Amino acid sequence: LKANQESYDAFFCYHQVGLVTGPISHEITLKRPFAQVNIATADYATAGVSIAQTKVVVEDVYTTFDFKTNNVTGTPQTLTFDYSAMPDGEVSVNSKSFDLLAINYLLVTGEQSLVDITFGYKDSSDNEKTILYHDIPVQQNYKTNIVGNLLSGSTSSVSAKAIVTMQ
């Protein structure tokens, strides 16, 4: 998988109608079977970093989904969204805008759960840096935003403190 691929997003609804003998009308609500995880920063312009690509590694996510039962299946595992171009755009949290660094879609359960995420980025010289996020809440059909001044720091691996919200 590649990071930051909007084409991975999807919505679905399984609705059984039975025997149809004439025109019918049903209101159908589509849901995202994924948790959307956005990683965004307020310090991109001031951190002195030019990011070429980003990567995300997530622990304890699923790789299969049963659309009929609306349940993930199989055993949770570590999933890597390999380096890809940084996405364009911003996210807004509490009326403040943050520059998107990564956006990825995770197969998780319909109940809130916690995952560990490693965010990595390469600058234009291929220098690599990682930031670790522990116990990030995720849930199907919700967006989780990890925001803050995420790029400040001088070590190659930073355990970052960030604001995490679910929408």
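To be clear, the structure that these remarks concern was listed above.
To start, this report covers the structure provided alongside it. Positions within a chain are numbered from 1, following the residues in the order the chain's sequence is written. Per-residue local features are limited, in this predicted model, to residues with pLDDT of at least 70; the limit for side-chain atom pairs, both in listing and counting, is 80 or more; totals at the level of whole chains, interfaces and linings are taken over all residues. Based on all heavy atoms of the structure, the side-chain values leave hydrogens and waters out of the count.

## Some details on empty space enclosed by the protein
We place a 1 Å grid over just the protein atoms. Points where a 1.4 Å probe fits but has no way out form a cavity, open points with protein on both sides within 12 Å along at least 5 of 7 lines form a pocket, and any residue with an atom within 4 Å of a point lines it. Grid points are joined across faces, edges and corners, and a volume is the space filled by probe spheres set on the points. Following the criterion strictly, the structure yields one cavity of 30 Å³ or more and no others. Quantified by volume, the largest cavity comes out at close to 30 Å³. Lining the largest cavity, in full, are Val37, Ile39, Val56, Val58, Ala102, Asn104, Leu106 and Ile117. Under the DSSP-based scheme used, a helix requires at least four consecutive residues in state H or I and a strand at least two consecutive residues in state E, with every element numbered from the N terminus. Where the lining of the largest cavity is concerned, the elements lending two or more residues are β1 (34-41), β2 (51-61) and β7 (96-107). Looking at the lining of the largest cavity, the element that brings in the most residues is β7, giving three residues. Tallied by class, residues from the lining of the largest cavity come to seven nonpolar, one polar and no charged. All residues other than Ala, Val, Leu, Ile, Met, Phe, Trp, Tyr, Cys, Pro, Asp, Glu, Lys and Arg, Gly among them, are scored as polar; the first ten of these are nonpolar and the last four charged.

## Some remarks on the pattern of salt bridges
Here a salt bridge means any side-chain nitrogen of Lys or Arg lying within 4 Å of a carboxyl oxygen belonging to Asp or Glu. All chains considered together, the criterion is met by one salt bridge. The partner of Asp9 in a salt bridge is Arg32, and the shortest N-O contact between them spans 2.8 Å. Here the residue Asp9 occupies a position in the segment before β1, and Arg32 occupies one in the segment before β1, the gap between them amounting to 23 residues. According to the relative accessible area criterion, Arg32 is buried, its value standing at 9%. Only protein chains enter the accessibility calculation, which uses a 1.4 Å probe. A residue is then buried if its area is under 20% of the maximum for its type, exposed if over 50%, and partly exposed in between.

## A short note on the pairing of strand β9 (residues 128-138)
Strands qualify as paired when DSSP identifies two bridges or more between them. Where strand β8 (residues 113-123) meets β9, nine bridges bridge the pair, whose relative direction is antiparallel. The partner of Ser113 across the bridge, within β9, is Val138. The hairpin turn running from β8 into β9, its antiparallel successor, is four residues long, and Asp126 in that turn takes a positive phi close to 70 degrees.

## Re the side chain of Ser84
For Ser84, the position within the fold is in strand β5 (residues 77-85). Using a relative accessible area of 13% as the deciding quantity, one classes Ser84 as buried. Distance and chemistry together define a polar contact, namely a pair of N or O atoms within 3.5 Å, with one atom able to donate a hydrogen and the other to accept it when in protein, and with adjacent residues in sequence counting only for side-chain atoms on both sides. In terms of polar contacts, Ser84 uses its side chain to reach the backbone carbonyl oxygen of Ala3, at 3.3 Å. Setting aside its immediate chain neighbours within four residues, Ser84 contacts Lys2, Ala3, Asn4, Gln5, Ala52, Gln53 and Thr54. Whether two residues are in contact is decided by their heavy atoms: any pair within 4.5 Å suffices.

## A word on the pairing of β8
In this sheet, β8 lies alongside β2 in antiparallel orientation, the contact comprising seven bridges. Residue Gln53 lies in a different strand from β8, and its bridge partner there is Lys122.

## Side note on a nonpolar patch on the surface
Patch definition: residues with relative accessible area over 30% and no salt bridge; like charges joined within 9 Å; nonpolar side chains (Val, Leu, Ile, Met, Phe, Trp, Tyr) joined within 5 Å. Surface exposure here means Shrake-Rupley accessible area, sampled with a 1.4 Å probe, where a residue is shielded only by the protein chains that are shown. Taken together, the side chains of Phe11, Ile28 and Leu30 make up a nonpolar region of the molecular surface, amounting to roughly 290 Å² of accessible area. Structurally, Phe11 is set in the segment before β1. Judged by relative accessible area, which is 47%, Phe11 ranks as partly exposed.

## A look at the side chain of Thr41
Within the fold, Thr41 resides in strand β1. Using a relative accessible area of 0% as the deciding quantity, one classes Thr41 as buried. A distance of 3.1 Å separates a polar atom in the side chain of Thr41 from the backbone oxygen of Gly148. Ignoring any residue separated from it by four or fewer positions in sequence, one finds Thr41 in contact with Phe98, Asp99, Leu101, Gly148, Asn149, Leu150 and Leu151.

## Focus: the packing of aromatic side chains
By convention, a stacked pair of Phe, Tyr or Trp rings (six-membered ring in the case of Trp) has centres within 6.5 Å and planes under 30 degrees apart, an edge-to-face pair has planes over 60 apart, and any other such pair is tilted. For the structure on display, the rule yields five aromatic pairs. On the basis of an interplanar angle of 80 degrees and a centroid distance of 4.9 Å, the ring pair of Phe65 and Phe67 is categorised as edge-to-face. Here Phe65 falls in the buried class, since its relative accessible area comes to 14%. With relative accessibility at 46%, the residue Phe67 sits in the partly exposed group. Three or more aromatic residues joined by ring pairs form one cluster here, namely Phe12, Phe65 and Phe67. Charge over a ring is defined by NZ of Lys or CZ of Arg lying within 6 Å of the ring centre and within 35 degrees of the ring normal. Note that Lys122 overlies the ring of Tyr83, its terminal NZ or CZ placed 4.5 Å from the centroid.

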